[in-house]
Amino acid sequence: MFTQEKESQVAPHIRTFHPRRGRIGAGRAQALARLWPQYGYEIEPGGPPFDAAALFGRRAPLVIEIGCGMGEAVAAMAASDPGRDYLGVDVHTPGLANLLATAERGALRNVRAARGDAVELLRDLLAPDSLDAVHVFFPDPWPKARHHKRRIIRSDVVALIRGRLRPDGTLRCATDWAPYAARMLEVLTADAGLSNRHAGYAPRPGDRPQTKFERRALAAGRPVFDLEFTRR
Ligand SMILES: C[S@@+](CC[C@H](N)C(=O)[O-])C[C@H]1O[C@@H](n2cnc3c(N)ncnc32)[C@H](O)[C@@H]1O
């Protein structure tokens, strides 16, 4: 946990843990140092199991966003859904600092941040049936075929997500990369433990706020694809 404010004391740990954690400016480093001890969670495989009640200080249905970026969607959805708890997961430290600072400004009591690899969180730390919903909004598309194995929505990770969702829990995805959308639909449909709430793609859900990635896609004329599946 961070107890010091200086970037120099925060950054070495960040750099050694994941190459994509990103450099963090002084303002966000201060927000992180102040907020992380209470509201942050380090994903450490081999550590104790994830304890949502301890992190949030209550028991409530838990929603995670895998790859929450700057946390725009987590903060907005948490604000309009105070009965559920929202955990933004990312390897990108500046985004998590932004999420916690946004949550503080909005006095959002149901927001927390987890830093590290979401696959490790799912595989090693989350209990089966512990999630009410999983959101994967605008994940990195990894367009080159040789990089497809890095995509979050692939059959082995989908099986992990399904196993952590409660029965009837929801997996929602959105992307502006049409070939990835088609692949998502294929992979999710092929998982016998999931059921599509719609015939094909979902209509754009009203509660999903527009993030930078969607605005950029729409400005460039690219359609956005939503998917919504539930665990059987
Ligand atoms: C394109 S951004 C989308 C951000 C956000 N969902 C939005 O719509 O604005 C994808 C994010 O996923 C994160 N990411 C990629 N792989 C991840 C992993 N295995 N675990 C956690 N975060 C990951 C990246 O760091 C990046 O912030």
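Residues numbered from 1 in each chain as written. Predicted model: local features only at pLDDT ≥ 70, side-chain atom pairs only at ≥ 80, totals over all residues. Heavy atoms only, no water.

- For the protein, an unreviewed UniProt entry supplies the name tRNA (guanine-N(7)-)-methyltransferase and the organism Actinocrinis puniceicyclus.
- One UniProt comment on the protein, placed under Catalytic activity (unreviewed entry), says "guanosine(46) in tRNA + S-adenosyl-L-methionine = N(7)-methylguanosine(46) in tRNA + S-adenosyl-L-homocysteine".
- Per its UniProt entry, the protein bears the Pathway (unreviewed entry) comment "tRNA modification; N(7)-methylguanine-tRNA biosynthesis." (UniProt positions renumbered as here; feature names shortened; annotations may be inferred.)

### With respect to the side chain of Asn-98
Reasoning step 1: Summarising the element assignment, Asn-98 is placed in helix α5 (residues 93–105).
Reasoning step 2: Judged by its relative accessible area of 19%, Asn-98 falls in the buried class.
Reasoning step 3: Side-chain polar atoms of Asn-98 contact the backbone oxygen of Met-70, separated by 2.9 Å.
Reasoning step 4: Those residues in contact with Asn-98 that sit more than four places away from it in its chain are Arg-28 and Met-70. (Helix = DSSP H or I, 4+ residues; strand = E, 2+ residues; numbered from the N terminus. Buried < 20%, exposed > 50% of the residue type's maximum accessible area, 1.4 Å probe, protein only. Polar contact = N/O pair within 3.5 Å; in protein donor to acceptor, adjacent residues only side chain to side chain. Contact = heavy atoms within 4.5 Å.)

### Quick look at the UniProt feature "binding site: S-adenosyl-L-methionine" (unreviewed entry) in the protein
Reasoning step 1: The positions UniProt marks with the feature "binding site: S-adenosyl-L-methionine" (unreviewed entry) are Glu-65, Asp-90, Asp-117 and Asp-140. Look at the named residues: they lie 76 residues apart in sequence, but the longest C-alpha span between them is just 13.7 Å, so in the fold they bunch up. For the second largest pocket, the lining residues drawn from the annotated set are Asp-140.
Reasoning step 2: Not counting the four nearest positions on each side in its chain, Glu-65 is found in contact with Ala-73, Val-74, Leu-87, Gly-88, Val-89, His-135 and Phe-137.
Reasoning step 3: Tracing the sequence through the fold places Asp-90 in strand β3 (residues 85–90). (1 Å grid on protein atoms, 1.4 Å probe; cavity = no way out; pocket = protein on both sides within 12 Å on 5 of 7 lines; lining within 4 Å.)

### Thoughts on the packing of helix α6 (residues 118–125) against helix α7 (residues 155–164)
Reasoning step 1: At a minimum axis separation of 10 Å, α6 and α7 run at an interaxial angle of 50°. It follows that α6 is oblique to α7 by the angle criterion. Taken as a pair, α6 and α7 cross one another with a handedness that is left-handed. Packed against α6, whose contacting residues are Val-119, Leu-122 and Arg-123, the element α7 presents Val-157, Leu-160, Ile-161 and Arg-164 at the interface.
Reasoning step 2: For the contact of α6 with α7, the class distribution of residues is 5 nonpolar, no polar and 2 charged. (Axes fitted to C-alpha atoms, helices over the stretch in contact; angles between N-to-C directions. Parallel < 35°, antiparallel > 145°, perpendicular 65-115°, else oblique. Left-handed = near helix turned anticlockwise from the far one by under 90°. Nonpolar A, V, L, I, M, F, W, Y, C, P; charged D, E, K, R; others polar.)

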